[in-house]
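Residue-level structure breakdown
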Amino acid sequence: MRYGRAPEILKDLTFDLAPGSFHFLTGASGAGKSSLLKLIYLAEHPSRGRIEMFGRDVEAIAAHDRPHLRRRVGVVFQEFRLLEHLSAFDNCALPLRIAGRKPSEYREDVAELLGWVGLKTRMHALPATLSGGEKQRLAIARAVVARPDIILADEPTGNVDHGHAIRILKLFVELNRLGSTVLIATHDEDLVARSGQPVLHLEAGRMIRYGRNGPGADE
Amino acid sequence: MSDPLFDPARWTPAPLLPRRDARDGALVFVVAVLCFLACLTAIGALAADRAARGWTNQLADSATIIVQPKGAESPDAAAARAAEALAGVKGVAEARALEKEKAEALLEPWLGREALLEDIPMPRLVSVELDPKTPASAADLDKALKAAGVQATVDDHSVWIGDIQRGAGVARWAALGVCLLIAAAAAAVIGFATRAGLAAHRDVIEVLHLSGAETGFVARLFQSRFALAAGTAGLFGATGAALIAALARLAGGGQGLTPVLPLAWLDLAAVLPAPFLAALIAAVAARLSADRLLKDLG
């Protein structure tokens, strides 16, 4: 993958994410973690190669079908990307609204999820009034509210302290236990080691490790 | 403890685009002005059309006979004989010989008072009112005059009527052209505003897009927003134009502001479609612009 005429950021990557699996994506800044996630959540097109999701070549999918594929992927963006003019509740409900669900069908679910991520008392709040940790949890709630098949998170613990990072990790583990495939891009080695989950490690755009428990693990 | 300021059971989805935008005021003003001009044009065209129809009807229901006396017969006698001959023609309601003074009064605006000297031979005129239902033709009148041995020229006003009808036609097409130009300008302004809106709300659009929103879903947000803004603007513009027309009607009494543009209260109804047309044009322009730009997001 390359941006415009720039050199390739990602090259010669071959890997599978089994349904229901949990992986970390590690690598230094600029290694290509965010770019790899963008390819998976269909924000970018590969300049060469092939990406298959849910048994379909994503580049062969017609433009009008791509939104349906995107709805099966929940994304926690590094910079949250919350809609500043909407309340926490409205932000969280966004994917369900886009999917065409009636408010009466999901009001209670959204309220319950916000309670689950610790935002029960902040449902009316605008993102500007939330702390970094609250924004992070709201972004996670929005990513998972529609029960996506895959959850992608880009540095989800980058803006929170260690205690919150552990809570967020537990949240992802719980979501994975409920059936979602999880891929978390992070450079938090401690978090990776603590979780004991398999790791995809990127270095200069190439995947050099694909195994369990981070650096030095099985290739 | 739950949020004391929020009851999920009473929640209704908030608008996905920010409610207020600094550009909206300017857009409403521009579209309101365009609608105002379009409505005034339409009202003016209706009044001009009414004037043209009135003049045409007046001219079509009458004819003027110019009598040239023969031999020793006096002009007044020749005119009286012509009127008598025409009065019996089928399709003539009334034929009346005009006195010399009336003929001079008709010519005075063109020749001036000083030119109306005694020694200039003044033709005598016969004014003929035709039956509006079955009017006699110029040929019928000419035939009757010849039968009575009167030398005269029949003017059935067909040249004037043709000129007026051509003028009215040009006014109608010009008004339609102006209205179309205004509609095109409004569409261009809305298209520009949509592109500016898409650029300003790119962050919102990207989140919607990456959350699985279809192009149509996002385009509809802009379509609804600009249709509402243009409809509101159309209401302001139409109300303004209707007020101006009403004032003109009141100031001019039954004739309207001027006999050239006789306004009727019914003409004010021409502004009624303006808000709906403005909203429709805005919706189509916004949708086309949004669709084209969102296609680039893939």
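Above this text is the structure in question.
Our subject in this report is the structure included herewith. (Residues numbered from 1 in each chain as written. Chains lettered and ligands numbered in written order. Predicted model: local features only at pLDDT ≥ 70, side-chain atom pairs only at ≥ 80, totals over all residues. Heavy atoms only, no water.)

1. Brief notes about the overall build of chain B
Filter applied, for reference: The secondary structure listing takes helices from DSSP runs of H or I that are at least 4 residues long and strands from runs of E that are at least 2 residues long, numbered from the N terminus. Only C-alpha atoms enter the radius of gyration, while the globule expectation follows 2.2 Å times N to the 0.38, with N the number of residues. Type-normalised accessible area, obtained with a 1.4 Å probe on protein chains alone, sets the label of each residue: buried when under 20%, exposed when over 50%, and partly exposed for intermediate values. The Shrake-Rupley method, run with a 1.4 Å probe sphere, supplies the accessible areas, and residue values consider only the shown protein chains as cover.
Within chain B, the secondary structure is distributed over eight helices and four strands. Scanning chain B from its N terminus toward the C terminus, one meets helices and strands in the order α-β-α-β-α-β-α-β-α-α-α-α. Against the compact-globule benchmark of 19 Å for 298 residues, chain B has a radius of gyration of 32 Å, which places it well outside the compact range. By its C-alpha atoms, chain B is 120 × 40 × 40 Å across when sized along the principal axes. Burial statistics for chain B: of 298 residues in total, 41% are counted as buried. By element, 65% of the accessible surface of chain B is carried by carbon and sulfur atoms, the whole surface being about 16500 Å².

2. Examining the interface of chain B and chain A
Much of the literature gives interface size as the accessible area that the parts lose upon coming together. Quick reminder of the rule: Here, residues are in contact when the closest pair of their heavy atoms is within 4.5 Å. Note on terms: buried area is the combined drop in 1.4 Å-probe accessible area of two parts once they are placed together, counting the loss on both. The salt bridge criterion pairs a side-chain nitrogen of Lys or Arg with a carboxyl oxygen of Asp or Glu, the two atoms within 4 Å. Polar contacts here mean pairs of N or O atoms no more than 3.5 Å apart (in protein, one a potential hydrogen donor and the other a potential acceptor; neighbouring residues in sequence count only if both atoms are side-chain atoms). Put simply, Ala, Val, Leu, Ile, Met, Phe, Trp, Tyr, Cys and Pro go in the nonpolar bin, Asp, Glu, Lys and Arg in the charged bin, and everything else, Gly too, in the polar bin.
Across the boundary between the two partners, chain B contributes 27 residues, which contact 28 residues of chain A. Both faces considered, chain B and chain A share a buried interface measuring about 2700 Å² in area, 66% of it formed by carbon and sulfur atoms. Three residues stand out in chain B for area buried against chain A, namely Trp11(B), Val207(B) and Leu210(B), and they jointly supply 25% of the buried area on that side. The tally of links from chain B across to chain A stands at two salt bridges. Where Glu206(B) meets Arg81(A), a salt bridge forms, and the shortest distance between an N and an O atom there is 3.3 Å. The tally of links from chain B across to chain A stands at 10 residue pairs in polar contact (both at pLDDT 80 or more). Residues of the side of chain B that touches chain A, tallied by class, amount to 18 nonpolar, six polar and three charged.

3. Digging into the state of the cysteines
Formally: Whenever a pair of cysteine sulfur atoms sits within 2.5 Å, that pair is classed as a disulfide.
Enumeration over the complete set of coordinates arrives at zero disulfides over all chains. No disulfide involves Cys35(B); its sulfur sits 6.1 Å from that of Cys39(B), the nearest cysteine.

4. Comments concerning the packing of aromatic side chains
Here is the rule we go by: Two rings from Phe, Tyr or Trp (for Trp, the six-membered ring) form a pair when their centres sit within 6.5 Å of each other. Planes less than 30 degrees apart are called stacked, planes more than 60 degrees apart edge-to-face, and all others tilted. Two conditions define a charge sitting above a ring: the NZ of Lys or the CZ of Arg must be within 6 Å of the ring centre, and it must be within 35 degrees of the ring normal.
Evaluation of the coordinates by the stated rule reveals five aromatic pairs over all chains. Relative to Trp11(B), the ring of Phe89(A) lies with its centre 4.9 Å away and its plane at 55°, an arrangement referred to as tilted. One end of the pair, Phe89(A), is in helix H3 (residues 88-98); the other, Trp11(B), is in the segment before helix H1 (22-60), on a second chain. Neither residue differs from the other here; Phe89(A) and Trp11(B) are each classed as buried. One aromatic cluster is present, formed by Phe89(A), Tyr106(A), Phe6(B) and Trp11(B) through successive ring pairs. One cation-aromatic arrangement involves Arg72(A) over Phe54(A); the distance from NZ or CZ to the ring centre is 3.7 Å. The ring of Phe77(A) carries the charged tip of Arg81(A) above its face, separated from the ring centre by 5.0 Å.

5. Description of the sheet that holds strand E1 (residues 62-67) of chain B
Adjacent strands of a sheet pair through backbone hydrogen bonds, lying either parallel or antiparallel. Residue and element names in this part refer to chain B. Under the convention used in this document: Strand pairing follows a simple DSSP-based rule, namely that at least 2 bridges must link the two strands. Only the contacting stretch of a helix is used when fitting its axis, a line to C-alpha atoms as for every element, and angles between N-to-C directions run 0 to 180 degrees.
Spatially, the four strands line up as an open sheet ordered E2-E3-E1-E4, and their pairing is antiparallel. What marks the edges here is a single partner per strand, and that holds for strand E2 (92-97) and strand E4 (152-155). Pairs of neighbouring strands in the sheet enclose a mean axial angle of 20°, with direction left out of account. Taken together, the six bridges between E1 and strand E3 (residues 124-130) define a ladder with antiparallel strand orientation. Paired with Ile66 across the bridge in E3 is Leu125.

6. Overview of helix H4 (residues 103-116) of chain A
Count 3.6 residues to each turn of an α-helix, and residues three or four apart come out pointing the same way. All names here are of chain A. Stated formally: The length a helix should cover is 1.5 Å for every residue beyond the first. Directions drawn from the helix axis to the C-beta atoms are what define this arc.
Spanning 14 residues, H4 covers 19 Å between terminal C-alpha atoms, matching the ideal 20 Å at 1.5 Å per step. Residues of H4 that are buried: Tyr106, Arg107, Val110, Ala111, Leu113 and Leu114. The buried residues of H4 occupy an angular sector of 165° when the element is viewed end-on, so they sit on one face. Those residues of H4 that are exposed and aimed more than 90 degrees away from the buried face are Glu108 and Glu112. Those residues of H4 hidden inside the fold are in contact with H3 and helix H5 (132-144). In the stretch just after H4, Gly118 is the one whose phi turns positive, near 85°.

These figures capture arrangement, not role.
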